[in-house]
Amino acid sequence: MRLEVGEIYEGKVTGITKFGAFVSFEEGQTGMVHISEIAPTFVNEIRDFVSEGQTVKVKVLNISEEGKISLSMKKALPPEEQQHKPRRPGPGGRKPGPRPPRAPRPEPQPGPGRPGDFEWQGRRNDSGSLEDMISRFKQTSDEKMSDLKRGNESRRGYSRRGQKQ
């Protein structure tokens, strides 16, 4: 029997790896079903869907010049079954598959006195030069750094000169 791309055949699973299952046909030809082509749902463990010695229907996707045969089990299913089907719950009881849409995340609100609160874009009515903007940035940065240092020193129990109180 000569395999043809696009045709559906029956074969026997002869081996299972992390990345796919090997299927043999009557004439001794062997092809591989990649893990992504096992089922119309997410496949974490191939052995949950097929076992060695099982007879399966596969569709030939490609035959390379070297003779490697790419197969698909999910494309051999009838069209209505090729859609995503819910599967039994996985670990923790959660069903794998599409997740419900998430609520939008709130915009981050900067806290008072946090580094990075500097306004990078000048105001419309501010006609200051680049040097003025840099000077203001340096001043606010120095103020924030000294506030942070003061806060860290008081938490550690050290005075400003590094001596234990």
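Residues numbered from 1 in each chain as written. Predicted model: local features only at pLDDT ≥ 70, side-chain atom pairs only at ≥ 80, totals over all residues. Heavy atoms only, no water.

What follows covers the environment of T17. Along the chain, T17 turns up in the loop between β1 (8–16) and β2 (20–24). For the pair T17 and I46, spaced 29 residues apart in the sequence, the C-alpha separation amounts to 7.9 Å. Setting aside anything within four residues of it in sequence, one finds T17 in contact with F22 and I46. (Helix = DSSP H or I, 4+ residues; strand = E, 2+ residues; numbered from the N terminus. Contact = heavy atoms within 4.5 Å.)

Take the pairing of strand β3 (residues 30–34) next. Residues of β3 alternate between two faces, with G31 and V33 buried on one and T30, M32 and H34 left unburied on the opposite face. The pairing of β2 with β3 spans five bridges and is antiparallel. Residue pairing across strands places G20 opposite H34, the latter belonging to β3. The turn joining β2 and β3, which pair antiparallel and follow one another in sequence, is formed by five residues; a positive phi near 90 degrees is taken by G28. Of the strand pairs in this sheet, β3 and strand β5 (residues 69–72) are connected by two bridges, and their pairing is parallel. Bridging across to β5, M32 finds its partner in S70. (Buried < 20%, exposed > 50% of the residue type's maximum accessible area, 1.4 Å probe, protein only. Pairing = 2+ DSSP bridges.)

Our next topic: the sheet that holds strand β4 (residues 55–63). Pairing within the closed barrel is mixed, and its five strands lie in the order β1-β2-β3-β5-β4. When strand polarity is set aside, the average angle formed by the axes of neighbouring strands in this sheet is 55 degrees. One ladder, built from four bridges, connects β1 with β2; its direction is antiparallel. Considered in β2, the bridge of V13 is made with V23. (Axes fitted to C-alpha atoms, helices over the stretch in contact; angles between N-to-C directions.)

Evaluated as defined, the whole model comprises three salt bridges. A salt bridge links D147 to R150, with the shortest nitrogen-to-oxygen separation between them at 3.3 Å. Residue D147 and its partner R150 are both found in helix α1 (residues 130–156); the two are separated by three residues, about one turn of the helix. Of the residues examined, D147 reaches a relative accessible area of 43% and is grouped as partly exposed. The class for R150 is partly exposed, based on a relative accessible area of 44%. (Salt bridge = Lys/Arg side-chain N within 4 Å of Asp/Glu carboxyl O.)

Moving on to the nonpolar core. Counting residues in each nonpolar core, the largest one holds 20 residues, and the members touching the most others are V23, I38, I46, V50, V58 and L71. For this core, the elements supplying multiple residues, two or more each, are β1, β2, β4 and β5. If we ignore the near neighbours within four places in the chain, the residues touching L71 are V23, F25, G31, M32, V33, H34, E37, V58, K59, V60 and L61. (Core = buried A, V, L, I, M, F, W, Y, C linked by side-chain atoms within 4.5 Å.)

Looking now at the side chain of S24. Examined against the element boundaries, S24 turns out to sit in strand β2. Within the structure, the side chain of S24 is placed 3.1 Å from the side chain of T30, a separation counted as a polar contact. Among residues more than four places away in sequence, those in contact with S24 are G11, K12, T14, Q29 and T30. (Polar contact = N/O pair within 3.5 Å; in protein donor to acceptor, adjacent residues only side chain to side chain.)

Turning our eyes to something else, we now look at the pairing of β1. Of the strand pairs in this sheet, β1 and β4 are connected by five bridges, and their pairing is antiparallel. Residue pairing in the sheet places Y9 in a bridge with V58 of β4. A loop of three residues connects β1 with β2, the two strands running antiparallel in sequence.

Let us look at the packing of aromatic side chains. In this structure the tally under the stated criterion is one aromatic pair. Note on Y9 and F25: the rings are 6.2 Å apart at their centroids and 70 degrees apart in plane angle, and the pair reads as edge-to-face. Pair noted here: Y9 is in strand β1 and F25 is in the loop between β2 and β3, with a separation of 16 residues, a long-range link. One exposure class covers both Y9 and F25, and it is buried. (Phe/Tyr/Trp six-rings, centres within 6.5 Å; stacked < 30°, edge-to-face > 60°.)

Everything listed here is a matter of coordinates, which is why it stays silent on function.
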